[in-house]
Amino acid sequence: MSKKKDGLIEILAQYFWNYKSYEIDGVMKSYGISPNESLNPHDNKKIYAKTGLEKLSEEKIVELSHHIVKDAESAFLNRQMENYLGDSIFEFTYVTRRKLAEYLGMCPNFEGNLTLDELLSGIWDLDEPFDDGEMFVFSRASIWDYIMQHVIRNDDISYKDMLLNILNFKYISDDSVIKFLEKMVNPETRTGEEQEEYVKGINEIISADGFELAVSGKTSNELIYKVYRKNAICSNMKNLVFAPLGKKPDIVIDDAIDNELKIVGDTDNCLFYNFEPNSDGLSWKTLVKWWEPKSLNENVQQDLFTRLLNSMDSKPEKYFFTQYYKIYEEREDFPALIPQVYLHYDPHAKIWRGSGVVYTHQRMDFLMLLSNGVRIVIEIDGKQHYSEGDKSSPKLYSEMVIDTRELQLKGYEVYRFGGYEFMNITESKRMIGDFFEKLFKKYSI
């Protein structure tokens, strides 16, 4: 038996030992474990548990350990598993947990509008005895008594050390980490700029594990944040084909092994952007810098804006695009809103393909590439998306819904606007501003 399997069996057998003799058999069988029926759990629960665990392969023991860790939500059990499973039992890694403790420990006004016990209760059982290494439990102070003595009265333990050494922040369940982070930025705890700063700082840390705090609603006109798994795409970006002028680009594969594409023929018809290795998003500032050698105007930003605007035929699209840049043009930098982007591409026309069309919708109205792999598709739906002439078309509507579903399954966020929303200039201007404000707040931009 390997050292890893033997060690995990010892931990799991001890875990099952905590159940009463009449419970242990049913509990073990619920996990698919069959102890030796010739033994009686009343005689020795630990040996009884081991007989069932030893029948399992090391792979099954590891799988079982992950399962039990989630069910038990025990920091003590998680700490025991560390030598054998590392932080694989968690979604928030040890590195992330330590960074969070360090960041939150340095933040001003840790408790916010709450008292410290109000902030911590509901996540930790503050009445539990604190394990300070003493042999006898009855001699230990409660966790809260220990915090009162050393964090509040004596001020000789920092908030960071309180989280890591008293509250076992490194070993608590992922659900408890989420509850704690949500409580730290709850409007009952803090609001306004302080809340925004905490959200921004936390998101910079937890994004590495694929999570984010994002707005989920409001209470008393204050923002409520919840932890969500990020809808991100991790693949490395290579090419961006966008803003064609009137006709499809003529694209060839320059190197199939390296996935290198090349525009031939009328190369000015379409814009072709190559990302730097490991690029993280695409900002307007970066796009303007790329355009500078191509610009025919001293004002490079204006020249690029005009070139992009000319690739659009639809008035609502042009209005949407123009309003976005009007709103954010005073900022030093912001995400580029990229028009007419080919996310799919078939060089042949529908007439050539006939009934064997590969992609019903090849070009997206707008694309935004945010940091951490977040990709936003924005579609402005005119009546051509759901009607033929003046008659509604279930077929066209169905194709649009299928396209949206496929993009979302690939990890893109898709936001659709109806052309009718742009009929009223005043309302549409407010609507566009409100949309981007909420979108950027969601991603702490």
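For the structure, check the block above.
Rules and cut-offs
Residues numbered from 1 in each chain as written. Predicted model: local features only at pLDDT ≥ 70, side-chain atom pairs only at ≥ 80, totals over all residues. Heavy atoms only, no water. Helix = DSSP H or I, 4+ residues; strand = E, 2+ residues; numbered from the N terminus. Buried < 20%, exposed > 50% of the residue type's maximum accessible area, 1.4 Å probe, protein only. Contact = heavy atoms within 4.5 Å. Areas by Shrake-Rupley, 256 points an atom, 1.4 Å probe, with all protein chains shown as cover. Salt bridge = Lys/Arg side-chain N within 4 Å of Asp/Glu carboxyl O. Core = buried A, V, L, I, M, F, W, Y, C linked by side-chain atoms within 4.5 Å. Polar contact = N/O pair within 3.5 Å; in protein donor to acceptor, adjacent residues only side chain to side chain.

Peer 1: Sorry if this is basic, but what is going on with the overall build of the protein here?
Peer 2: Helix and strand content of the protein: 17 helices and twelve strands. When each of the 445 residues of the protein is scored for burial, the buried share is 45%. Sequence separation of 24 or more characterises 59% of the internal contacts of the protein that already satisfy a separation of 6 or more. Of the roughly 24500 Å² of accessible surface on the protein, a fraction of 49% belongs to carbon and sulfur atoms.

Peer 1: Please clarify how the pattern of salt bridges should be interpreted in this entry.
Peer 2: Working definition: two side chains of opposite charge can pair if their charged atoms are close together. What the rule picks out here adds up to 13 salt bridges. The partner of E10 in a salt bridge is K50, and the shortest N-O contact between them spans 2.2 Å. Taken as a pair, E10 in helix α1 (residues 3-17) and K50 in helix α3 (residues 45-53) lie far apart in primary sequence, 40 residues in all. For E10, a relative accessible area of 29% corresponds to the partly exposed category. Owing to a relative accessible area of 22%, K50 belongs among the partly exposed residues under this scheme.

Peer 1: Where do I start with the nonpolar core in this structure?
Peer 2: Note that soluble globular proteins tend to have their nonpolar side chains buried in a common cluster. Counting residues in hydrophobic clusters, the biggest one holds 53 residues, and the most contacted among them are F242, F320, M368, I378 and F436. With sequence-adjacent residues up to four places away left out, F436 is seen in contact with F320, Y324, Y328, M368 and I378. Residues L126, I143, I166 and Y225 belong to the second largest nonpolar core, which totals 42 residues.

Peer 1: Can you walk me through the environment of I263 in this structure?
Peer 2: By the secondary structure assignment, I263 is in strand β5 (residues 260-264). Exposure remark for I263: the relative accessible area of 11% places this residue in the buried category. Separated by eleven residues in the primary sequence, I263 and V252 place their C-alpha atoms 6.4 Å from one another. Apart from the residues lying within four places of it in its own chain, the contact partners of I263 are P249, D250, I251, C270 and F272.

Peer 1: How should I be thinking about the environment of E118 in this particular structure?
Peer 2: You can see E118 is positioned in helix α7 (residues 116-120). According to the relative accessible area criterion, E118 is partly exposed, its value standing at 41%. C-alpha of E118 to C-alpha of T189: the two residues are 71 residues apart in sequence and 9.6 Å apart in space. There is a polar contact of 2.9 Å between the side chain of E118 and the backbone nitrogen of T115.

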